[in-house]
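Inside the fold
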8 protein chains.
Amino acid sequence: MIFENGDAIVFAGDSTTDCGRKRPYGEGLWEGLGNGYVRNLDSILSVLYPDKLLRITNVGESGATSGDMLAHWEQNVEALNPNWVFFMIGANDVWRQFDEPNLDNSKLMPDCYRANLEAVCQRTLPKVKGMFIMSPFYMEANDNDPMKKRMVEYAGIAKEVADKYNIPFIDLQAEFDEHLKYRYPAYISWDRVHPNWVGGMIIARKILQVIEAKPLY
Amino acid sequence: MIFENGDAIVFAGDSTTDCGRKRPYGEGLWEGLGNGYVRNLDSILSVLYPDKLLRITNVGESGATSGDMLAHWEQNVEALNPNWVFFMIGANDVWRQFDEPNLDNSKLMPDCYRANLEAVCQRTLPKVKGMFIMSPFYMEANDNDPMKKRMVEYAGIAKEVADKYNIPFIDLQAEFDEHLKYRYPAYISWDRVHPNWVGGMIIARKILQVIEAKPLY
Amino acid sequence: MIFENGDAIVFAGDSTTDCGRKRPYGEGLWEGLGNGYVRNLDSILSVLYPDKLLRITNVGESGATSGDMLAHWEQNVEALNPNWVFFMIGANDVWRQFDEPNLDNSKLMPDCYRANLEAVCQRTLPKVKGMFIMSPFYMEANDNDPMKKRMVEYAGIAKEVADKYNIPFIDLQAEFDEHLKYRYPAYISWDRVHPNWVGGMIIARKILQVIEAKPLY
Amino acid sequence: MIFENGDAIVFAGDSTTDCGRKRPYGEGLWEGLGNGYVRNLDSILSVLYPDKLLRITNVGESGATSGDMLAHWEQNVEALNPNWVFFMIGANDVWRQFDEPNLDNSKLMPDCYRANLEAVCQRTLPKVKGMFIMSPFYMEANDNDPMKKRMVEYAGIAKEVADKYNIPFIDLQAEFDEHLKYRYPAYISWDRVHPNWVGGMIIARKILQVIEAKPLY
Amino acid sequence: MIFENGDAIVFAGDSTTDCGRKRPYGEGLWEGLGNGYVRNLDSILSVLYPDKLLRITNVGESGATSGDMLAHWEQNVEALNPNWVFFMIGANDVWRQFDEPNLDNSKLMPDCYRANLEAVCQRTLPKVKGMFIMSPFYMEANDNDPMKKRMVEYAGIAKEVADKYNIPFIDLQAEFDEHLKYRYPAYISWDRVHPNWVGGMIIARKILQVIEAKPLY
Amino acid sequence: MIFENGDAIVFAGDSTTDCGRKRPYGEGLWEGLGNGYVRNLDSILSVLYPDKLLRITNVGESGATSGDMLAHWEQNVEALNPNWVFFMIGANDVWRQFDEPNLDNSKLMPDCYRANLEAVCQRTLPKVKGMFIMSPFYMEANDNDPMKKRMVEYAGIAKEVADKYNIPFIDLQAEFDEHLKYRYPAYISWDRVHPNWVGGMIIARKILQVIEAKPLY
Amino acid sequence: MIFENGDAIVFAGDSTTDCGRKRPYGEGLWEGLGNGYVRNLDSILSVLYPDKLLRITNVGESGATSGDMLAHWEQNVEALNPNWVFFMIGANDVWRQFDEPNLDNSKLMPDCYRANLEAVCQRTLPKVKGMFIMSPFYMEANDNDPMKKRMVEYAGIAKEVADKYNIPFIDLQAEFDEHLKYRYPAYISWDRVHPNWVGGMIIARKILQVIEAKPLY
Amino acid sequence: MIFENGDAIVFAGDSTTDCGRKRPYGEGLWEGLGNGYVRNLDSILSVLYPDKLLRITNVGESGATSGDMLAHWEQNVEALNPNWVFFMIGANDVWRQFDEPNLDNSKLMPDCYRANLEAVCQRTLPKVKGMFIMSPFYMEANDNDPMKKRMVEYAGIAKEVADKYNIPFIDLQAEFDEHLKYRYPAYISWDRVHPNWVGGMIIARKILQVIEAKPLY
């Protein structure tokens, strides 16, 4: 596994990461990590590596767009001096274009999204052991659905940014698309945006693969 | 894996199983399964086998002793016509002897415990594909601790019942003992009785082994 | 307009009708009608026909399937001796097959659905001035979506029952399909099942057409 | 209809406009618009013109007098750069003279009211496509009622201001007076000041006429 | 004063009497009497006659019509074996005809009202030292207001019943009409039906006159 | 009566005056006056003089000592430019010496109390039509009770201050002493410090005498 | 000390015993004993005799009179088969005569009180190792206070019953009288009826003497 | 006893001292002292010495480490000008190393702990009659338990600091160790860190010894 004893790992993002985490930093006991994928990941890593101390911190913010994530990056991420940084952002950039199309969404456009992602990569990449971009995703099986298309477009931008900076890209949309071949979206999410516990485990599983964790059992 | 498409699996027990499940049956969406090991197990099985429909039901009852579990067995377990039944009971039978030793604890003695376990096995074994007894456990590393000793004694009775009826015995105490070689109990439980999310994953992992699940990643 | 002064009109259904109505009967002041389409309809009728007294009652029940509606029909609908009865049911019969496919859904199958609808028609049709069946619907534009297909199948059954008993059938799916040509589902519903205030107005508008109301302005 | 795709429309006023809107701006999903006439209007416009994106914002403030509206005008209205502005104010200016006559009501007198209305017109008229003054109203049928008389006097001032600035004046008192020929005030308002859902629809209907909306059905 | 040491006095009625009284009987300390006219009356009698023990009980029921009052008469009034009985009923019989005219109001008609009043008089008059009928009232100055007219009609029936049984009739409408010559209804009631603390004192004052209390100061 | 139309009257003091008044000023509708003697007084004055507008404001502060009253005098009393000022203070100055004798009570001693009272008199007397000092009181019949003695001592100081500045002194202790000849303290107060509704009426009655109000009935 | 290992001791009474105990029996962890003298006693006995298991149960009921205590005696006390029974009752029998003198207090008279006490003694004395009557008390130093006198009268009856049945009588009034030589009642009780933590310790201390406990330190 | 009439005594520490005390200072009536050992101590001192006024203040802060205690020392302790200061700190310094070992615990190390303790001693010792260091403790009987060992190590540092400054050291660990020879930890604490009421009495008893209080009974 790539994490070493004593490493600090930070997960940034929106409500999909947040999941009710503690403030100001989501860490420690008593639901500090929220109840989403970060908790699943922490549980499994703790079970697998009781001999390693890993400081895992959830700094997701419900409702955050990529612009919000950038605006709070210093206070949420940099202040923690992490060794590893994961972020998953863009769902709200896209969603607002579909559920509140009549409001002012000018700062959510692809160029802004790309710029926001590049900004956090440029600032943080030099200071960490590694950074990971997790794709935004939409738990919709129909590839012709307009919001699915738009989400895939933003995921594509995220991948381009990852490639530009030689950062691993974690393609969660592909994971969900595979799962949706068998199950209907309502089984893992009430609104196709927020994963329930099954959806959270799909994300955690993919991260465990990427960080080369040993088998759980 | 031993579960087949369409199987109904019931988990009975005390607060360690309950974890805030829905009433009258802990199943379905919206925290129906509680947030303990049953949820972890369901998440992982759903991720592993999206092609299989498994009806997993949590009928744990916070505070239940083996006598309480037996008293509610018909309504909680038999009414569901399960194919598989798991139960984990005994923590309260033992704990009350230590935290409320001055109250009347006569129905919590080893003979009663053994009789309660035998009763549910006799009633239910003929009607199911399989039954599993999960050991009660205490997240205490010191084998000379008196409550640890007593819990191990009850776990031994549970194993004897399992052996008598040819039921698989899931030794969770051994799992926790192994983990406690590396971590202090406070890391996985605030009172050494109730596992937090890490403890719940330890239980889920062991069950996944026992039911021969395929690798998670 | 078909309603006459003094008529009693009852709306039965599930959460889409209920919308927080008062118990035991959803009528009168202070949110008695809930805040869904029944309220929209009542508002507009009150504005249009201040000279007519119409007793409009909402007896929708959140979570109800067609079986639940039938079970409570005597107490909810017949006890009111209505002149006109509208019902819209089936969304939960279908939804449970998709969001909780692993639970026991045997009573939600098409034959049961048809039988439940026929039962209420046979009992009530002879006693009223008119009865209307409103189609269940799904705010999903993609006709190949499996839950959309299933919902359309159930709407088809509802139409067959309506035709068999010479009852007007109100095709709400067609209304929503038309709207979804312009707007994304998230604009009118957070889960494609529960209409928000815009969705409620779409339903109310269609009913106003069917009952031949005069123009609003 | 006078609104064009992309237009921003703001509704200012008191509790009759507010109706529980979101803060700081009443717009978007999840009861953002409150549950009064602004919501009714938005629902119907969304149903009528799914092809037009209209940003409708409710900035009503419960309890506001014309002085309060003026004091918050920059932050509530101008900050949004609206294309169209509607306001309905004066009910509290009048009401306080009747329900708390013993307190200091010197800033609620006709001259102040007129000055407050002129101030917002002068500031905002040059920057918008159009502005509308909606009359304050009192749901009292008796024209000799002293508060009705006073409200009509203030509505007259509002009309004079509208005329002076060539702003359309929406005479809601006339709408309610017409309705009250058929129904008693208690049917549409618990205190003759706050319209319930029927009263809200009366307001929405009049606005739909004024903006030349196409028929609803 | 007509009450003697040890007398039990009961006040029956609707929300205007109830005012948040204790259940099952509104008496004793800690807001037992509610905070309406019964409390005012009790305060003043206690101040005036500290040497007399009077058991004053409030059995008003919010929302009660004359039919409801009759239905609960045995349990609310007779069970207390009062020496004196006061009741004030009819506001809801009338109000429902105006604020919910479309619901079934057949049991609220004048004949029913008269019959309900006669029934309680016949049952209770022989067992008490005295009975008083307090008029229903409406805090509306305009005698041509239709609900005012109707309330006056019901008050007239109440007077006729009082006269028929030789029971003193307390004309509260006259008291409020006098007050409304000086103050607007909103000063003493938010809806012209429920008196606030000033309105409650008007009622208490009139009762004090009728029972021939000595001067307060 | 001494108050004239348009007069502003302020009541300052501690919890005995406060009684849950509105903030920042206790006045107007909806329990603005609290539910103690100020409300009783306002009710009766409103009933007696519907032709007079009196602005009555309650600025009592629960827990206030004479020092606290002085500290907030500018903001609570002077800011209102009252015509008449009543204050009743000292209960907490005394009580703390008995229920928390071990805390630092140096600022509650007689000299401080006298100085605080003189300070508010000097500041305010020149600006008002009249000022009244209401005695602190203790609802204890036993004159040898040490807290009663101390309260009487403080009431004596209040009287001396009143005499020095030619301010009317309202001796409430005498009123309560008279009442306690007939009733036990628990009947009018749960702790002998806070009057209930009967106690509040005793205070109101005395004030009505002092201001020469006409008879209530 | 008189209690032996394994003894069950029950404390019955009113709110002074209850103090928020658990239902149906006040015992065990988590505030099961309430926070009054029973808890103090249990704490000190646990500290003094860690080698003895004593089942201490609080069955006090807030508001209970001696009649209420008798009515619930079987269910509250006898069902527990106690070895030792303590009760302290009568405060409410007396208090109601003073704070609600106008209500029907006929069942609270001395004869009833005596009979209620005798009844529980006769029923229970033959079945227990020992019974103790604790005097009702009033934290009032003035022996001429009428409620103090009445309480002393009832305490006298309690003593007579104790003497008649050769039951030890615990004179708590004497304890409080001694304390009140130094401190004012408000220091140990807000209403002279309910002891605070200091008052609870005074009771516990006296019981420790009576049961001949060894020194605490 | 060492405390003299008028002395101010302050207890500083963490949640074990805090126990829900009032803010900003934990003193006075109404649970001001919290419900832990400070309350027990105050109760017993009040019972023993009704003739002495002792100002006892609880300034414990839940969750505080020795660093937190030092940071708030001026505001919490010095501002009160105490005559006597007791503190008990270190449980959180140690606990975090075991329940959140992966977070940054660098400021909790022995050297910091020692320095924090020395700092408060140096600042305060010259200004008080006496200071007491109470040992941190862990209610664990097993001396080989790693957290017990660490706690004993910190208690040792506390003793060294006490010795260096000639301050009495109160060895609470020894008290609990003695108790745990007889009772299991769960009887006096749910997590071996927070004492329940029995544990609080053990602490209070020891302090009573140290301050040479006279016997309780």
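See the structure printed just above.
Below: a short report on this structure. Computed from a predicted model, the values in this text were never measured in an experiment.

Attention shifts here to the interface of chain B and chain A. In this assembly, 38 residues from chain B lie in contact with 38 residues from chain A. For the pair chain B and chain A, the summed buried surface comes to about 3400 Å²; carbon and sulfur atoms form 65% of the total. It is Val47, Trp197 and Tyr217 of chain B in chain B that bury the most area against chain A; as a group they hold 26% of the surface buried on that side. Taken together, the links from chain B to chain A amount to 0 salt bridges. Only α2 (37–48) and α9 (197–210) of chain B provide two or more residues apiece to the side of chain B that touches chain A.

With that settled, the discussion passes to the sheet that holds strand β3 (residues 84–88) of chain D. All names here are of chain D. Pairing in this open sheet of 5 strands is parallel, and the strands run β2-β1-β3-β4-β5 from one edge to the other. Strands with a single pairing partner mark the edges of an open sheet, and in this sheet they are β2 (55–58) and β5 (169–170). Inspection of the sheet shows strand β1 (residues 8–13) paired to β2 by 4 bridges, in the parallel sense. Counterpart to Ala8 in the pairing with β2 is Arg55. Helix α2 (residues 37–48) rests against β1, β2, β3 and β4 (130–134) of the sheet, and its axis sits at about 170 degrees to β2.

With that out of the way, let us pick up the relation of the copies chain E and chain G. Each copy of the sequence occupies a distinct position, and chain E is placed on chain G by a rotation of 90 degrees and an axial shift of 0.0 Å, giving an RMSD of 0.0 Å. Within this description, the copies of the chain are treated as partners about a four-fold rotation axis. Residue Arg23 of chain E of chain E places its C-alpha closer to the rotation axis than any other residue of that unit, at 16 Å.

This brings us to the interface of chain E and chain G. The interface is formed by 6 residues belonging to chain E together with 6 residues belonging to chain G. Counting each side, the surface lost to burial between chain E and chain G is near 580 Å², with a carbon and sulfur contribution of 64%. Considering only the side of chain E, the residues that lose the most area to chain G are Leu29, Leu53 and Arg55 of chain E, jointly responsible for 64% of the buried surface there. Viewed at the interface, chain G and chain E are joined by 0 salt bridges. One can count 2 residue pairs in polar contact (both at pLDDT 80 or more) joining chain E with chain G.

Turning to unusual backbone geometry, a few remarks are in order. In the segment running from Arg23 of chain F into Pro24 of chain F, the intervening peptide bond is cis, with an omega of -5 degrees. You will see that Asn81 of chain G, though not glycine, has its phi angle at about 45 degrees, which is positive. By the secondary structure assignment, Asn81 of chain G is in the loop between α4 (73–76) and β3 (84–88). The class for Asn81 of chain G is exposed, based on a relative accessible area of 63%.

Next up on the list: the packing of helix α5 (residues 91–99) of chain C against helix α7 (residues 146–164) of chain C. All names here are of chain C. At a closest axis distance of 10 Å, the pairing of α5 and α7 adopts a crossing angle of 150 degrees. Accordingly, the angle class assigned to the pair α5 and α7 is roughly antiparallel. Of the two possible hands of crossing, α5 and α7 adopt the one that is right-handed. Between α5, through Ala91, Asp93, Val94, Trp95, Gln97 and Phe98, and α7, the contact on the second element is made entirely by Pro146, Met147, Arg150, Met151 and Tyr154. Here the contact of α5 with α7 is built from residues that sort into 8 nonpolar, 1 polar and 2 charged.

Attention now moves to the pattern of salt bridges. In the structure shown here, the tally under the stated rule is 160 salt bridges over all chains. Across the pair Lys164 of chain B and Glu118 of chain B runs a salt bridge whose closest N-O atoms are separated by 2.9 Å. Of this pair, Lys164 of chain B sits in helix α7 (residues 146–164) while Glu118 of chain B sits in helix α6 (residues 110–124), placing them 46 residues apart in sequence. Residue Lys164 of chain B is classed as exposed on the basis of its relative accessible area, which comes to 54%. One salt bridge in this structure joins Asp145 of chain F and Arg192 of chain G, with 3.9 Å as the shortest N-O distance.

Rules used throughout
Residues numbered from 1 in each chain as written. Chains lettered and ligands numbered in written order. Predicted model: local features only at pLDDT ≥ 70, side-chain atom pairs only at ≥ 80, totals over all residues. Heavy atoms only, no water. Contact = heavy atoms within 4.5 Å. Buried area = accessible area lost by both parts, 1.4 Å probe. Salt bridge = Lys/Arg side-chain N within 4 Å of Asp/Glu carboxyl O. Helix = DSSP H or I, 4+ residues; strand = E, 2+ residues; numbered from the N terminus. Pairing = 2+ DSSP bridges. Axes fitted to C-alpha atoms, helices over the stretch in contact; angles between N-to-C directions. Least-squares fit on C-alpha atoms with pLDDT ≥ 70 in both. Polar contact = N/O pair within 3.5 Å; in protein donor to acceptor, adjacent residues only side chain to side chain. Buried < 20%, exposed > 50% of the residue type's maximum accessible area, 1.4 Å probe, protein only. Parallel < 35°, antiparallel > 145°, perpendicular 65-115°, else oblique. Left-handed = near helix turned anticlockwise from the far one by under 90°. Nonpolar A, V, L, I, M, F, W, Y, C, P; charged D, E, K, R; others polar.

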